Amino acid sequence: MTTWRDSKESEIRHISLPEQQVYNHLLQWVRVESPKQSIERFQRLFLDGVGYEDFEIWLALEKIVMDKRAPTEFRFVINRCCHILINHWHLKPNTRRAVQELVALFDHVPSPLRVHSRAPRRLRELMQLFKRTEQYLTLQRLSRVMSDTPQYSNGSKPVANLIQRYPYLYEHCLLSEDSSQEYQQTVRQVQARVQRRFECDLSKYVTYQVRCANLRRNRAITSPRRIIQPVSNPTLLTEGELVSALKQFFGKVQGSYTYQDVARSFHTHSQHTACFKDFKEDLYEYLIASIDPAYGKQQFNKRLYTHLQNTLPEWDYQTPNEFMVVRTCTQLLNFLVVESPQRPHHYTFVDLITNLGTTITTGLLLKIVLICGKVKPYLEKRFSILFNHYESETRNSVPWLVPSLENLNIALSVHFGSADISCLNLLP
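Reading guide: rules and limits
Residues numbered from 1 in each chain as written. Predicted model: local features only at pLDDT ≥ 70, side-chain atom pairs only at ≥ 80, totals over all residues. Heavy atoms only, no water. Helix = DSSP H or I, 4+ residues; strand = E, 2+ residues; numbered from the N terminus. Buried < 20%, exposed > 50% of the residue type's maximum accessible area, 1.4 Å probe, protein only. Contact = heavy atoms within 4.5 Å. Lys, Arg positive; Asp, Glu negative; His and termini not counted. Charge placed at Lys NZ, Arg CZ, Asp CG, Glu CD. Expected span 1.5 Å × (residues − 1). Core = buried A, V, L, I, M, F, W, Y, C linked by side-chain atoms within 4.5 Å. Phe/Tyr/Trp six-rings, centres within 6.5 Å; stacked < 30°, edge-to-face > 60°. Lys NZ or Arg CZ within 6 Å of the ring centre and 35° of its normal. Salt bridge = Lys/Arg side-chain N within 4 Å of Asp/Glu carboxyl O. pLDDT = per-residue confidence, 0-100. Axes fitted to C-alpha atoms, helices over the stretch in contact; angles between N-to-C directions. Parallel < 35°, antiparallel > 145°, perpendicular 65-115°, else oblique. Left-handed = near helix turned anticlockwise from the far one by under 90°. Nonpolar A, V, L, I, M, F, W, Y, C, P; charged D, E, K, R; others polar. Disulfide = S-S within 2.5 Å.

A. How the structure looks around the overall build of the chain. Scanning the chain from terminus to terminus reveals 18 helices and four strands. Considering the chain as a whole, with its 428 residues, one finds that 52% of them fall into the buried category. In the chain, the share of contacts with a sequence separation of at least 24, taken over all contacts with a separation of at least 6, comes to 71%. Of the charged side chains in the chain, 53 are positive and 42 negative; the average position of the first set lies 5 Å away from that of the second.

Listed below in C-alpha cells is the structure:
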C-alpha cells in the first residue's frame, strides 16, 4: 500500500493496491494512445462498466467500487484518474482540447437502472455522485481553462465561462483537497502560460495604441499614409476603460508619484515606526489618500479607522514586525473585499466600486499588496471566493464583477508580471 499527501497537507490518504493498479494501467496507456483512444478507454472502463478488455483491471476497479468506503473515497479515485490523463495532455497545444472532451463524458453517465450486475450498477451510482463534488467542479473549470480560444462570453452567459481569462484564480479554483503534486504542477504551468500570453497581448496593445497616437499626430503635420496592423483589446473592458486603468496603475496617482513610489515611501517610513499603534495610524493615512473625501467622510473612513484600531490591539505598543504587518493586511483584505467562502459578505467592496469606480477600488487593494507582497496570494484568494460565489450567475446579473476581475488582472500584470507598457507615457 502506498500513500500520498493531499494539496493542503492536512492528511495522509492511503492508496490501496487496486487503486494503484488502475492508476498504473492508465499511465501505461496514455503514453502510447492518442487522446481519442484514451477517452474511449476511459468510457469503456468507467462509464460502460461492462465487458472491459483487461479483466484484471476490471476486477481491481470492482474492488474499489464495492468497498464500504467508496461513497466517500471514490471521488478521489476518479479525480486522480482524470488528472493522470490531463497531466499528459496539457503539454501540447494539439492535445489540450482533449481535456474538454474527457470532462464532457460525465454529461453522459448511463443510468444505474440500465444494468443488472451489482458492480457496474454501483460504479454508475458513484459516477453520478461524483458530479456533485468539489472535485468535479474543479474539473469543469479546468476544461474551460484548457481552451486555447479566449473567452468573450456575452452578458447572458454564466460567469464560470470566463475563468480562463484570470490566471491568478487558477490555484484557488482548480486545485481541490486531493490534488496530487503532479496536478499542482500542471495547474501552475497552465497558469504561467496563460499569464505570459495575456502580458504579451497587453504589451502589444499598448504599443499599438502609442503608434496610432503618433501616426495621428504626424498626419496632422505632414506624413504619408501608413497602415498599422490592428491589435485587439485583450480585456473585456472598453478601450477607454482599459487605457484609464493602465494609466492609473502605471502612471502618477498622488501628485507626481506612482503607486510604487508611494508604497516605497510608506515602507521606508514604517521601518522607523516606534510602535504598532503608530504603524496602523500611518497605514490609515496611506490608504485614505486614495479615497475621495466626499465618499470617505460619509462613513467609510471611520469604519476603516475603527477596523485598524481593532486589529491586534494587544500588540499596539510593541515594535511592528512582519507577523503584525501580514496579519493586518490580510484582515484589511477581509474587510475590503470578502472574508471567506463561509461568510461571503462583500457589501463594502461593492459599495467602494459603486462610489469610487472599479479602477480606484482596485488601486486601493494594490496599495496594500505593494507594501506587503506576501498577501498577494491572499488577495487572489478573496477574488476566487467572489468568482466561485457568482460563477453560476450571468454577467448581466453581477455587472461589477467582471470589470473588477479585469482590473485586478491588469494591476497584477503591470506590477508583478512581465508586461512591458513603458511606452504608455507617450500616450496623450
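B. How the structure looks around helix 12 (residues 276–288). Here helix 12 contains 13 residues, and its C-alpha end-to-end distance of 18 Å stays within 8% of the 18 Å for a straight helix at 1.5 Å per residue. All of the buried residues along helix 12 are Phe 276, Phe 279, Lys 280, Leu 283, Tyr 284, Tyr 286, Leu 287 and Ile 288. Of the surrounding secondary structure, the elements contacted by the buried residues of helix 12 are helix 11 (259–270), helix 13 (293–309), helix 14 (322–336) and helix 16 (358–371).

C. Examining the nonpolar core more closely. Residues Phe 42, Phe 46, Phe 74, Leu 336 and Phe 383 are the most contacted members of the largest nonpolar core, which totals 130 residues. Not counting residues within four places of it along the chain, the set of residues in contact with Phe 46 comprises Val 22, Leu 26, Leu 61, Ile 78, Cys 81, Leu 123 and Met 127.

D. View of the packing of aromatic side chains. Using the criterion set out here, one finds 17 aromatic pairs in the structure. Summarising the aromatic geometry, the rings of Phe 106 and Phe 130 are spaced 5.4 Å apart at their centres and angled 45 degrees between planes, so their arrangement reads as tilted. Here Phe 130 lies in helix 6 (residues 118–130) and Phe 106 lies in the loop between helix 5 (93–104) and helix 6, a separation of 24 residues in the sequence. Overall, Phe 106 belongs to the buried group, its relative accessible area being 0%. According to the relative accessible area criterion, Phe 130 is buried, its value standing at 1%. By the ring-pair criterion, three or more aromatic residues cluster together here, those being Tyr 166, Tyr 168, Phe 349, Phe 383, Tyr 390 and Trp 400. Above the face of the Trp 29 ring, Arg 41 is positioned so that its terminal group lies 4.2 Å from the ring centre. Just above the ring of Tyr 378 sits the side chain of Arg 382; from NZ or CZ to the centre is 4.0 Å.

E. Representation of the pattern of salt bridges within the structure. The final tally for this structure, using the stated rule, is 15 salt bridges. A single network of salt bridges, built from pairs that share partners, joins Glu 33, Arg 41, Arg 44 and Glu 53.

F. Broad picture of the confidence of the model for the chain. Residue-level pLDDT values for the chain average 90, and 93% of them are 70 or greater. Across residues 1–11, confidence stays below pLDDT 50; counting only partners more than four residues off in sequence or on other chains, it has 30 contacts.

G. Local environment of the packing of helix 10 (residues 239–250) against helix 16. Two elements in contact, helix 10 and helix 16, have axes whose closest approach is 10 Å; the angle formed by their N-to-C orientations is 30 degrees. As the angle between them shows, helix 10 and helix 16 are arranged roughly parallel. In this structure, helix 10 meets helix 16 at a crossing whose hand is right-handed. Counted together, Ala 245, Gln 248 and Phe 249 of helix 10 and Thr 359, Ile 360, Thr 362, Gly 363 and Leu 366 of helix 16 form the full contact between these two elements. Broken down by class, the residue content of the contact of helix 10 with helix 16 amounts to four nonpolar, four polar and no charged.

H. Quick peek at the state of the cysteines. In the structure shown here, the tally under the stated rule is zero disulfides. Between Cys 275, a free cysteine, and Cys 329, which holds the nearest cysteine sulfur, the sulfur-to-sulfur gap is 17 Å. By relative accessible area, Cys 275 is classed as buried at 11%.

I. Representation of the packing of helix 5 against helix 7 (residues 134–145) in the model. Packing of helix 5 against helix 7 brings their axes to within 9 Å, and their N-to-C directions diverge by 145 degrees. Considering how the two elements wind past one another, helix 5 and helix 7 form a crossing that is left-handed. Counted together, Val 99, Gln 100 and Val 103 of helix 5 and Tyr 136, Leu 139, Gln 140 and Ser 143 of helix 7 form the full contact between these two elements. By residue class, the composition of the contact of helix 5 with helix 7 is four nonpolar, three polar and no charged.

J. Representation of the environment of Arg 188 in the model. You can see Arg 188 is positioned in helix 9 (residues 181–221). Taking the relative accessible area as the measure of exposure, Arg 188 reaches 36% and is therefore partly exposed.

K. Unusual backbone geometry, seen in detail. One non-glycine residue with positive phi stands out, namely Leu 312, at about 50 degrees. Considering the arrangement of structural elements, one finds Leu 312 in the loop between helix 13 and helix 14.

L. Region of interest: the side chain of His 90. Considering the arrangement of structural elements, one finds His 90 in the loop between helix 4 (70–89) and helix 5. Using a relative accessible area of 2% as the deciding quantity, one classes His 90 as buried. In this structure His 90 touches Arg 96, Met 146, Thr 186, Gln 189, Val 190 and Arg 193, once residues within four positions along its chain are discounted.

M. Inspection of the side chain of Ser 404 at higher detail. Following the sequence through the fold, Ser 404 ends up in helix 18 (residues 401–416). According to the relative accessible area criterion, Ser 404 is buried, its value standing at 1%. Ser 404 has contacts with Phe 349, Ile 353, Thr 358 and Phe 383, leaving out every residue within four places of it along the chain.

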